[in-house]
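One-letter residues, chain by chain:
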Amino acid sequence: MPGDGRPEGTTARGDVTGRESGRGSGGVPGRREVLGVAGVAACGVALAACGTGGAQARPSLKGQVIAKTADVPVGGGKLIGDLKLVVTQPQQGVYKAFSAACTHKGCTVSTPKDNIIRCACHGSEFAADSGAPNKGPATAPLTAIAVKVEGDGIVVA
């Protein structure tokens, strides 16, 4: 009560009354409750923006030459580290491209040999023609990237 020496919004025992607990008159949310909800919402937006795991958006590779056909041997391939891609030629004149990130733990795979793309981190192996896992622990295929040959270049389609 005003004038009894207690701070407004407290009882004689020091308990916080309804007004200070965040509820205004008639069950309408009070200032503290509204500010609390707004703070939680702001944190949610900030966390959602961080949800990419630190990955930065890279410009589209469509139309970009990622390798020369002469640099990708039949039955082997080429690792393009700066683009995090691996390009293979499983049979003469057939070119494939995949993400170089192993689907097990994200390690970068090695340069393909004998139509196998290997991950040195945990021993996963992938088929050079499809990106499908041949040996675990990876169970998901490498992400395929559509490519085509233009002149002597391998271009992202």
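Here, the structure is the one placed above.
The model shown is predicted, which means the values in this text are computed figures rather than measured ones.

K.L.:
Help me understand the overall build of the protein in this model?
P.N.:
When you go through the protein residue by residue, the secondary structure sums to one helix and ten strands. Secondary structure elements of the protein occur, N-terminal to C-terminal, as α-β-β-β-β-β-β-β-β-β-β. Within the protein, the fraction of its 157 residues that count as buried is 29%. Within the protein, contacts between residues at least 6 apart in sequence are counted, and of these 38% link residues at least 24 apart. Of the roughly 9,800 Å² that the protein leaves accessible, carbon and sulfur atoms contribute 56%.

K.L.:
Even after reading the chapter, I still don't get the pattern of salt bridges, so can you show me in this structure?
P.N.:
Where charged atoms from two side chains of opposite charge come close, those side chains can pair. Applying the stated criterion to the full structure yields three salt bridges. For Lys 68, the salt bridge identified is with Asp 152, shortest N-O distance 3.6 Å. Placement of Lys 68 in strand S1 (residues 65-68) and of Asp 152 in the loop between strand S9 (147-150) and strand S10 (153-156) is noted, with a sequence separation of 84 residues between them. Judged by its relative accessible area of 47%, Asp 152 falls in the partly exposed class.

K.L.:
Just checking my understanding: could you explain the sheet that holds strand S7 (residues 133-135) for this structure?
P.N.:
Hydrogen bonds along the backbone pair up the strands of a sheet, which may run parallel or antiparallel. Within the open sheet, the three strands sit side by side as S5-S6-S7. Their pairing is antiparallel. Taken across any chain shown, the strands that pair with only one partner, and hence form the sheet edges, are strand S5 (116-118) and S7. Between one strand axis and the next, the sheet turns through 35 degrees on average, direction left out of account. Here two bridges tie strand S6 (residues 125-127) to S7, and the two strands are oriented antiparallel to one another. Bridge pairing in S7 places Phe 126 opposite Pro 133.

K.L.:
For this particular structure, what's the right way to read the nonpolar core?
P.N.:
Note that soluble globular proteins tend to have their nonpolar side chains buried in a common cluster. In this structure, Ile 66, Ala 67, Val 72, Leu 83, Val 87, Val 147 and Ile 154 are the most contacted members of the largest nonpolar core, which totals 13 residues. At the level of secondary structure, the elements contributing two or more residues to this core comprise S1, strand S3 (85-91), strand S4 (94-99) and S10. The contacts of Ile 154, once residues within four sequence positions are left out, are Gln 64, Val 65, Ile 66, Ala 67, Lys 68, Thr 69, Val 72, Val 87, Tyr 95, Val 147 and Lys 148. Among the nonpolar cores identified, the runner-up in size contains twelve residues, and Ala 100, Cys 102, Ile 117 and Phe 126 belong to it.

K.L.:
Which parts of the structure should I look at to understand the pairing of strand S2 (residues 77-80)?
P.N.:
Working note: regular strand, side chains alternate between the two faces of the sheet. With four bridges joining them, S2 and S3 adopt antiparallel strand pairing. Bridge pairing in S3 places Leu 79 opposite Val 86. From the end of S2 to the start of S3, which pair antiparallel, there are four residues, and Lys 84 there has a positive phi angle of about 55 degrees.

K.L.:
What exactly am I supposed to notice about the state of the cysteines here?
P.N.:
Two cysteines whose sulfur atoms are joined by a covalent bond form what is called a disulfide. Here the structure, examined in full by the defined rule, presents one disulfide. At a sulfur-sulfur separation of 2.2 Å, the disulfide partner of Cys 107 is Cys 121. Here Cys 107 and Cys 121 share a disulfide; its torsion about the S-S bond, -105 degrees, makes the bridge left-handed. With Cys 107 in the loop between S4 and S5 and Cys 121 in the loop between S5 and S6, this pair connects stretches of sequence that are 14 residues apart.

Calculation criteria
- Residues numbered from 1 in each chain as written.
- Predicted model: local features only at pLDDT ≥ 70, side-chain atom pairs only at ≥ 80, totals over all residues.
- Heavy atoms only, no water.
- Helix = DSSP H or I, 4+ residues; strand = E, 2+ residues; numbered from the N terminus.
- Buried < 20%, exposed > 50% of the residue type's maximum accessible area, 1.4 Å probe, protein only.
- Contact = heavy atoms within 4.5 Å.
- Areas by Shrake-Rupley, 256 points an atom, 1.4 Å probe, with all protein chains shown as cover.
- Salt bridge = Lys/Arg side-chain N within 4 Å of Asp/Glu carboxyl O.
- Pairing = 2+ DSSP bridges.
- Axes fitted to C-alpha atoms, helices over the stretch in contact; angles between N-to-C directions.
- Core = buried A, V, L, I, M, F, W, Y, C linked by side-chain atoms within 4.5 Å.
- Disulfide = S-S within 2.5 Å.

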